[in-house]
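# Residue-level structure breakdown
These are the residues of each chain, in order.
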Amino acid sequence: MLKLTYTEAGLHLEKLDISLEEFVTNRMLLSLRSGSSIHIESSRAAFLLTADVVDLLLLKSVMTDQLASKLSVDKVDDRYVEVCFSGTWIASDLCAEEGTLVTALGDRVEFYLHKLWKLSESALTFANF
């Protein structure tokens, strides 16, 4: 399962070894026990990756036809590609700009997406110095 967290400071992608259903259930229970509100809905998320990453070809090679409706990787320009996928949005309320989107895309796809995100984050951090 992939967990994409949106915060005021940016976004963070994690690969977790827990089922989507178990994660959502745990978040609901945490909300109930802590007395905080929770909003859960189907949604889509997107983030940029650097286009010069070699592993992008490996990601595309493990993407299956059945993932086509759930995941897309599209060229933005010569430097970036946009990864867009559907999942479950979890936030404190309906209008929250900060929250978490979780999705299950299969182990190999999730592995390559997470690896590409880490490589892209490193490249972007290095380029800003």
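Residues numbered from 1 in each chain as written. Predicted model: local features only at pLDDT ≥ 70, side-chain atom pairs only at ≥ 80, totals over all residues. Heavy atoms only, no water.

What follows is about the overall build of the protein. Each helix and strand in the protein was counted, giving three helices and six strands. Each helix and strand of the protein, placed in order from N terminus to C terminus, yields the pattern β-β-α-β-α-β-β-β-α. For the protein, whose C-alpha radius of gyration is 15 Å, the value lies close to the compact-globule estimate of 14 Å for 129 residues. Its C-alpha atoms give the protein principal-axis dimensions of about 45 × 40 × 25 Å. Sorting the 129 residues of the protein into buried and exposed places 37% on the buried side. In the protein, 66% of the contacts between residues at least 6 apart in sequence involve partners at least 24 apart. In the structure as shown, the protein presents an accessible area of about 7,900 Å², 54% of it carried by carbon and sulfur atoms. (Helix = DSSP H or I, 4+ residues; strand = E, 2+ residues; numbered from the N terminus. Rg over C-alpha atoms; globule rule 2.2 N^0.38 Å. Buried < 20%, exposed > 50% of the residue type's maximum accessible area, 1.4 Å probe, protein only. Contact = heavy atoms within 4.5 Å. Areas by Shrake-Rupley, 256 points an atom, 1.4 Å probe, with all protein chains shown as cover.)

Let us look at helix 2 (residues 55-62). Of the residues making up helix 2, those classed as buried are D55, L56, L59 and V62. Taken end-on, helix 2 shows its buried residues confined to a sector of 130°, consistent with a single buried face. Exposed side chains of helix 2 directed beyond 90 degrees from the buried face belong to L57 and S61. (Arc of directions from axis to C-beta.)

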